[in-house]
Amino acid sequence: MSENLKYMRGKYTFEEKVSREGEIFLSGKLEIFDKSVYYLNIFKQSKYTVDDSVFDKAKILNNKNVIVSYKDISKYSIRDVVDIQQTDEISPKVDIESYKDVLRAHVASIQNPSYSAFAKAFMKRIDVKTNFFKAPYSEIGGFAIEGGLLQHTVDKMEIIDSLSGFMLNYINVDIDFLKLIALISEAGRVNVYEMQDGVAVKTFEGNFIDEKSMSYKMVSECLASADFKLSEDEKFILLHSCIHDDSLRNSTDTSKSKESMILTSVKYFSELINNLLLLKFNNLNKSDFMDLFGKSVYVKTL
């Protein structure tokens, strides 16, 4: 385990208890943005205490949003807490201009001419140009903030880049194609969620259509707008990535066998991405990640 400090944000609740040795401690829970719960015990004075002042800080933070600084973690137990502070936000604000620049760089890095042309055409849609960079990802969670969709999309592309070497050893998948899917597959959220007075809410349309159906509609319209020289199989995968359809997974159609594998890989890869976003969000290192999620998450991608 790294001795560097790590940080976790969430809503903190606790009960004051007394241990068998007579030590007073706060038996606490930290609920983070994806509703996962972590446990932490903060002692007043004992051999387990890193800093006696932490107890006094924590005692006045029941039912508050906090940032916990700690040295170690095991499964869902946070250990060696060195500080706890109240925060106004579960998730930090998004630096929209910086993320826009990174997104543009990722789109520009797509070398396949057909994928590149489609990505650029998609980004020129009026609803995408108007709403994509400021839209929240959802109504709840750590990305229910202005720029949440942008950050989530960029984070996925960054992780695709960082894991590309690992993936190519095991999965016959085109990295450019994965980036295109990362860009378009959840973009329907631009028309489903919006910010009102600093709060993420559903749009008028969002009350009648879900984000998967909206993403499918937007991709379908873009595909029909021009000839991007995409194969029928590629079009099929792009559309079905929006609704996370399992229909290809057990396909016996030989013309779809490779695409079936890619789509399945993308689905499982998205689960890995979500866990890695959690890792990034909470500043965990690789050892922590393996302790929390185990090797099974990697097996799914093979």
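Throughout this description, residue numbers start from 1 for each chain and increase along the sequence as written. Under the rules for a predicted model, residues below a pLDDT of 70 receive no local features and side-chain atom pairs below 80 are neither given nor counted, while totals for whole chains, interfaces and linings still include all residues. Note that the side-chain values use all heavy atoms of the structure and ignore hydrogens as well as water.

The next subject is the overall build of the protein chain. Strands are runs of DSSP state E lasting at least 2 residues, helices are runs of H or I lasting at least 4, and numbering of each runs from the N terminus. Along its length, the protein chain carries 11 helices and seven strands. Burial status follows relative accessibility: with a 1.4 Å probe on protein chains alone, a residue under 20% of its type maximum counts as buried, one over 50% as exposed, and anything between as partly exposed. Looking at the 302 residues of the protein chain, the share that counts as buried comes to 49%. Throughout, a residue-residue contact means that at least one pair of heavy atoms, one from each residue, lies within 4.5 Å. Considering only contacts within the protein chain whose residues lie at least 6 apart along the sequence, 60% involve residues at least 24 apart.

A few words now on the environment of S77. Secondary-structure assignment places S77 in strand β5 (residues 77–86). Put simply, S77 and K29 are 48 residues apart on the chain and 9.2 Å apart in space, counted from C-alpha to C-alpha. Setting aside anything within four residues of it in sequence, one finds S77 in contact with Y39 and D72.

What follows is about the packing of helix α2 (residues 96–109) against helix α6 (residues 175–184). Fitting a line to C-alpha atoms yields each axis, with helices limited to the stretch in contact; the angle taken between N-to-C directions then spans 0 to 180 degrees. As a packed pair, α2 and α6 sit with axes 10 Å apart at the nearest point and diverge in direction by 140°. The angle between α2 and α6 places the two elements in the oblique class. Relative to α6, α2 is oriented so that their crossing is left-handed. Mapping the contact onto sequence places L103, H106, V107 and S109 in α2 and D176, K179 and L183 in α6. Reported orientations rely on four angle classes, namely roughly parallel under 35 degrees, roughly antiparallel over 145, roughly perpendicular from 65 to 115, and oblique for the rest. It is the rotation of the near helix from the far one that decides the hand of a crossing: anticlockwise by less than a right angle makes it left-handed, clockwise makes it right-handed.

With that settled, consider the nonpolar core. Note on terminology: a nonpolar core comprises buried Ala, Val, Leu, Ile, Met, Phe, Trp, Tyr and Cys residues joined through side-chain atoms within 4.5 Å. Core analysis: the biggest nonpolar cluster contains 46 residues, and L103, F118, F132, I184, V219 and L238 have the highest contact counts within it. Elements represented by at least two residues in this core include exactly α2, α3 (113–123), α5 (148–168), α6, α7 (211–225) and α8 (232–243). Per element, the largest residue contribution to this core is eight residues, and it comes from α6. If we ignore the near neighbours within four places in the chain, the residues touching F118 are L180, I184, V219, C222, L223, F228, L230 and L238. Membership of the second largest hydrophobic core comes to 20 residues, among which are L26, F55, L61 and V66.

The next point concerns the side chain of E186. Secondary-structure assignment places E186 in the loop between α6 and β6 (193–196). As used in this structure description, the phrase polar contact means that two N or O atoms lie within 3.5 Å; if the pair is within protein, one of them must be able to donate a hydrogen and the other to accept it, and residues adjacent in sequence are counted only when both atoms belong to side chains. Within the structure, the side chain of E186 is placed 2.5 Å from the side chain of Y137, a separation counted as a polar contact. In this structure the side chain of E186 is engaged in a polar contact, spanning 3.4 Å, whose partner is the side chain of H152. Filtering out sequence-adjacent residues up to four positions away, E186 remains in contact with Y137, L149, H152, K156 and S215.

Turning our attention to the packing of α7 against α8. Viewed as axis vectors pointing N to C, α7 and α8 meet at an angle of 160°, and their least axial separation amounts to 7 Å. Considered as vectors, α7 and α8 are oriented roughly antiparallel to each other. As α7 packs across α8, the resulting crossing turns out to be right-handed. Between α7 and α8, the contacting residues are K212, S215, Y216, V219, S220 and L223 on the first element and K235, L238, L239, C242 and I243 on the second.

Quick look at the pattern of salt bridges now. One speaks of a salt bridge when a side-chain nitrogen belonging to Lys or Arg is within 4 Å of a carboxyl oxygen belonging to Asp or Glu. Going through the model one piece at a time under the given rule, you end up with 13 salt bridges. The shortest N-O distance in the salt bridge between D83 and K57 comes to 2.8 Å. Of the two residues, D83 sits in strand β5 while K57 sits in helix α1 (residues 53–59), which places them 26 residues apart along the sequence. According to the relative accessible area criterion, D83 is buried, its value standing at 14%. Residue classification places K57 among the partly exposed residues on the basis of a relative accessible area of 35%. With a shortest N-O distance of 2.8 Å, D127 and R125 are connected by a salt bridge. This pair shows no difference in class: D127 is buried, exactly as R125 is. Beyond isolated ion pairs, a larger network of salt bridges with shared partners links R125, D127, K217 and E221.

Considering the arrangement of structural elements, one finds D88 in the loop between β5 and α2. The sequence separation of D88 and V66 amounts to 22 residues, and the corresponding C-alpha distance is 8.0 Å.

Taking 1.5 Å per residue, 15 residues should reach 21 Å; α7 reaches 21 Å between its end C-alpha atoms and fits that length. Taken as a whole, α7 has its buried residues at M214, S215, M218, V219, C222 and L223. Turning to α7, the residues buried within the fold contact α3, α4 (126–131), α6 and α8. In this structure D210 caps α7, since a side-chain oxygen of it lies 2.9 Å from the backbone nitrogen of K212. Helix span, as expected, comes to 1.5 Å for every residue beyond the first.

Attention now goes to the environment of K6. Looking at the element boundaries, K6 is found in strand β1 (residues 6–18). Of the residues examined, K6 reaches a relative accessible area of 2% and is grouped as buried. A C-alpha to C-alpha distance of 7.9 Å links K6 and D72, two positions 66 residues apart in sequence.

Attention now goes to the packing of aromatic side chains. Pairing of aromatic rings covers Phe, Tyr and Trp, the last through its six-membered ring, and needs centres within 6.5 Å; plane angles under 30 degrees mean stacked, over 60 mean edge-to-face, and all others mean tilted. What the rule picks out here adds up to seven aromatic pairs. Geometrically, the ring pair formed by Y12 and F14 is tilted, given 5.5 Å between the ring centres and 35° between the ring planes. Exposure class is identical for Y12 and F14. Each is buried. Measuring from centroid to centroid gives 4.9 Å for F25 and F43, while their planes differ by 25°, and the two rings are stacked. Placement of F25 in strand β2 (residues 24–31) and of F43 in strand β3 (residues 37–43) is noted, with a sequence separation of 18 residues between them. Feature note: the residues F118, F122 and F228 constitute an aromatic cluster, connected by ring pairs. Here, a charge over a ring is recorded when the distance from Lys NZ or Arg CZ to the ring centre is within 6 Å and its angle to the ring normal is within 35 degrees. Against the face of F133 rests K100, its NZ or CZ located 5.0 Å from the ring centre. Its guanidinium or amino end placed over the ring of Y137, R189 lies 3.8 Å from that ring's centre, counting from NZ or CZ.

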